[in-house]
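Understanding the architecture of this molecule
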Amino acid sequence: MTVNPKEKSIVRDMSLAPEGHLKIDWVAAHMPVLNRIREQFEKEQPFKGLKVAISLHLEAKTAYLAKVVQAGGADVTITGSNPLSTQDDVCAALVEDGITVFAKYNPEPEEYKALLVKALETKPDLIIDDGGDFVSILHAERPDLMAQIRGGAEETTTGILRLKAMEKDGSLKFPMVAVNDAFCKYLFDNRYGTGQSVFDGINRTTNLVVAGKTVVVAGYGWCGKGVAMRAKGLGAQVIVTETDAIRAVEAYMDGFTVLPMIEAAKHGDFFVTVTGNKDVIRGEHYEVMKNGAILSNAGHFDVEVNKPELEALSKGKRVVRRNIEEYQLKDGRSIYLLAEGRLVNLAAGDGHPAEIMDMTFALQAMSLKYVNDNYNAIGKKVVNVPYALDEQVARYKLEAIGTGIDTLSDEQKAYLDSWQEH
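Rules and cut-offs
Positions within a chain are numbered from 1, following the residues in the order the chain's sequence is written. For a predicted model such as this one, the threshold for reporting local features is a pLDDT of at least 70, and the threshold for listing and counting side-chain atom pairs is 80 or more; totals across whole chains, interfaces and linings nevertheless cover every residue. The basis for every side-chain value is the complete set of heavy atoms in the structure, and neither hydrogens nor water enter the calculation. Strands here are runs of E lasting at least two residues and helices are runs of H or I lasting at least four, both read from the DSSP assignment and numbered beginning at the N terminus. Only protein chains enter the accessibility calculation, which uses a 1.4 Å probe; a residue is then buried when its area is under 20% of its type maximum, exposed when over 50%, and partly exposed in between. Pairs of residues are marked as contacts when any of their non-hydrogen atoms sit within 4.5 Å. With residues, only the protein chains shown are counted as cover, and all accessible areas are computed by Shrake-Rupley using a 1.4 Å probe. For this count, His and the chain ends are skipped, Lys and Arg are scored as positive, and Asp and Glu as negative. The location of each charge is read from NZ of Lys, CZ of Arg, CG of Asp or CD of Glu. Strands are treated as partners if at least two bridges between them are detected by DSSP. The definition of a right-handed crossover adopted here requires that, viewed with the strands pointing away, the path from the first strand over the helix to the second runs clockwise. Lines fitted to C-alpha atoms define the axes here, with helix axes fitted over just the stretch in contact, and angles between the N-to-C directions of these axes take values from 0 to 180 degrees. Any angle that is under 35 degrees is reported as roughly parallel, and any over 145 degrees as roughly antiparallel; angles of 65 to 115 degrees are reported as roughly perpendicular and all others as oblique. For this scheme, ten residues count as nonpolar: Ala, Val, Leu, Ile, Met, Phe, Trp, Tyr, Cys and Pro. Four count as charged, namely Asp, Glu, Lys and Arg, and the remainder, Gly too, count as polar. Only the six-membered ring of Trp is used, alongside the rings of Phe and Tyr, when aromatic pairs are assigned; centres must lie within 6.5 Å, and planes under 30 degrees apart are stacked while those over 60 apart are edge-to-face, with the rest tilted. A positively charged side chain is recorded as over a ring if its NZ (Lys) or CZ (Arg) lies within 6 Å of the ring centre. The angle to the ring normal must also be within 35 degrees. The salt bridge definition used is simple: a Lys or Arg side-chain nitrogen within 4 Å of an Asp or Glu carboxyl oxygen. Any residue with relative accessible area above 30% and no salt bridge may belong to a patch, with like charges joined within 9 Å and the nonpolar Val, Leu, Ile, Met, Phe, Trp and Tyr side chains within 5 Å. UniProt positions are given in the numbering used here, feature names are shortened, and annotations may be inferred rather than shown by experiment. Among buried residues, those of type Ala, Val, Leu, Ile, Met, Phe, Trp, Tyr and Cys that are joined through side-chain atoms within 4.5 Å constitute a nonpolar core.

Looking only at helices and strands, the chain features 18 helices and 15 strands. In terms of principal-axis extent, the alpha carbons of the chain reach across some 70 × 65 × 45 Å. Considering the chain as a whole, with its 422 residues, one finds that 54% of them fall into the buried category. Taking the intrachain contacts of the chain between residues at least 6 apart in sequence as the baseline, contacts between residues at least 24 apart amount to 71%. Of the roughly 18,800 Å² that the chain leaves accessible, carbon and sulfur atoms contribute 50%. Distance between charge centres in the chain, computed from 48 positive and 59 negative side chains, equals 3 Å.

If you want it as structure tokens, here you go:
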């Protein structure tokens, strides 16, 4: 007997659905690559008869990905990957569209974890994960729920690091596609998407000018490159901190000041962490910061800015604006933390632009089909998105914006393939 999604879903308020539908319709109108894949899925039905569980930041663009997977024949269940990025109106709209939803904005930590588990208790055949939470729960706590899982796709750097550690020690039990490592993910989503959305979140939350200020960017991977580029474009002086010597030289060559955090902390007006590691900003750094310094994080987990050490230096704290906490230090200074140290672009904003996530979520949809078609051959490994799929997404994007490229002639291909003198 099939249970109606409305009867089993856990959402905050179904009356919010009309606003959620408008949000989803808006992003769908600006995601031409995903629309094209939806048309293919509707014809081919690659997921017919299968259950798919999704854990991603549950806002409108993610909702549309879920609808595209559903269009491919799947019974879709979705939950959030961060308690502050879930949008309750979008959740309600998805339930009306026949998707099972276990998600609420800002649930208690215990409930947030319980909602993730509820999604897995549907016993999916395929998963889409963000940060490795699904995979971690399945392997460490609920191995009884992964008997029929064929494989899945992972969205983030953080999640892929966890997956590769599992693969290395032989604990990974099914194949996962590293979507984050695809060219059409990190070159565009991580760089242009993170760069723009971080400052969308900071600017809407603080209502302060960036021009003339000093922005400290911790980490110069693809996300850090994007954040630094956007900060510079907004008129800021940019300092980059790094632990990787090659990336530090790259940041220097790109025109940015490179300093260790203990020195950068003295100068920063805004701080953005994008490393995927813990304790990037900590007690020794708070000690030397300016009065009024503003801290934010754009890494997956809220561990990059050490909150316990900030609290230990404080005599009190208060919420001064939505998503801004003022920590009142014992020496009279104030330091401000945005969105509880969670992803500022999603917890205090709408995340990456729709046109950017169009490419990323196209990769997700195609990778899910790829792992479903090849899970036995792949084995219990972390694999990259096949280059052919990566390039196909780029070609769809070029077609959508009305841009063409050249094609090699047979003679040119032969020239490139030959090692002999010509």
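From this point, the discussion proceeds with the structure in view.
With five of six residues buried, strand β1 (residues 51–56) lies mostly within the body of the structure. With six bridges connecting them, β1 and strand β2 (residues 75–80) associate as parallel partners. For Ser55, the partnering residue across the bridge sits in β2 and is Thr79. Handedness of the β1-helix α4 (residues 60–71)-β2 crossover: right-handed. Across three bridges, the pairing between β1 and strand β4 (residues 126–129) is parallel. The partner of Val52 across the bridge, within β4, is Leu126.

Next up on the list: the packing of helix α6 (residues 109–120) against helix α7 (residues 133–140). In the contact formed by α6 and α7, the axes pass within 10 Å of each other and the chain directions differ by 80°. By the angle class used here, α6 and α7 are roughly perpendicular. Side by side, α6 and α7 meet where Tyr112, Lys113, Leu116, Val117, Ala119 and Leu120 of the first sit next to Asp133, Phe134, Ile137 and Leu138 of the second. Among the residues forming the contact of α6 with α7, the class breakdown is eight nonpolar, no polar and two charged.

We now examine the sheet that holds β2. Ordered in space as β3-β2-β1-β4-β5-β6-β15, the seven strands form an open sheet in which the pairing is parallel. The open sheet has two free edges, formed respectively by β3 (100–102) and β15 (382–384), since each of these has just one partner strand. Ignoring which end each strand starts from, the neighbouring axes of this sheet average 20° apart. As paired strands, strand β5 (residues 151–154) and strand β6 (residues 176–178) are joined by three bridges and run parallel to one another. Bridging across to β6, Ala153 finds its partner in Val177.

To continue, consider the packing of aromatic side chains. The way to describe two aromatic rings as a pair is by their centre distance and the angle between their planes. Following the criterion strictly, the structure yields five aromatic pairs and no others. Between the aromatic rings of Phe41 and Phe47, the centroid separation amounts to 5.4 Å while the plane-to-plane angle is 85°, which identifies the pairing as edge-to-face. With respect to class, Phe41 is no different from Phe47; both count as buried. Put simply, the rings of Phe183, Tyr186, Trp222 and Tyr387 pair up and form one aromatic cluster. In this structure, Lys225 is placed above the aromatic ring of Trp222, and the distance from its NZ or CZ to the ring centre is 4.8 Å.

What follows concerns the pattern of salt bridges. Enumeration over the complete set of coordinates arrives at 27 salt bridges. Taking the shortest distance from any N to any O, the salt bridge between Lys317 and Glu311 comes out at 3.2 Å. A cluster of three or more residues bridged by salt bridges with shared partners is formed by Asp302, Lys307, Glu340 and Arg342.

Burial runs high along helix α5 (residues 88–96): eight of the nine residues are buried. Elements in contact with the buried residues of α5: α1 (5–8), α2 (17–28), α4, β2 and β3.

We now examine a nonpolar patch on the surface. A cluster of nonpolar side chains, contributed by Val249, Tyr252 and Met253, occupies part of the molecular surface with about 370 Å² of accessible area. Counting through the fold element by element, Met253 comes out in helix α11 (residues 245–253).

By definition, the strands of a sheet pair up through backbone hydrogen bonds, in either a parallel or an antiparallel sense. Here eight strands make up an open sheet; going across it, the order is β9-β8-β7-β10-β11-β14-β13-β12 and the pairing mixed. Of all the strands in the sheet, the pair left with one neighbour each is β9 (257–258) and β12 (314–321). Across five bridges, the pairing between strand β7 (residues 214–218) and strand β8 (residues 237–241) is parallel. Within β8, the residue paired with Ala218 across the bridge is Thr241. With respect to the sheet, helix α10 (residues 222–233) is in contact with β7, β8 and β10 (270–273), its orientation differing from that of β7 by roughly 175°.

Okay, the UniProt feature "binding site: substrate" (unreviewed entry) in the chain next. UniProt's entry tags Asp130, Glu155, Lys185 and Asp189 with the feature "binding site: substrate" (unreviewed entry), counted in the numbering of this structure. What stands out for the annotated residues spanning 60 residues is how close their C-alpha atoms remain, the widest pair being 14.2 Å apart. Residue position: Glu155 is located in the loop between β5 and α8 (157–168). Apart from residues lying up to four places away in sequence, Glu155 is in contact with Leu56, Asp129, Asp130, Asn180, Lys185, Asp189, Met357, Thr360, Phe361 and Gln364. Looking at where Asp189 falls in the secondary structure, it is placed in helix α9 (residues 183–206). Exposure remark for Asp189: the relative accessible area of 3% places this residue in the buried category. In this view, Asp189 contacts Glu155, Cys184, Thr194, His352, Ile356, Met357 and Thr360; residues no more than four positions away in its chain are not counted.

Take the nonpolar core next. Counting 55 residues, the largest nonpolar core has Ile37 and Val101 as the members making the most contacts within it. The element contributing the most residues to this core is helix α16 (residues 354–378), with eleven residues. In contact with Ile37, other than residues within four places in its own chain, are Val68, Ala362, Ala365, Met366 and Tyr396. Listed in part, the 28 residues of the second largest apolar core include Phe199, Val227, Val274 and Ala348.

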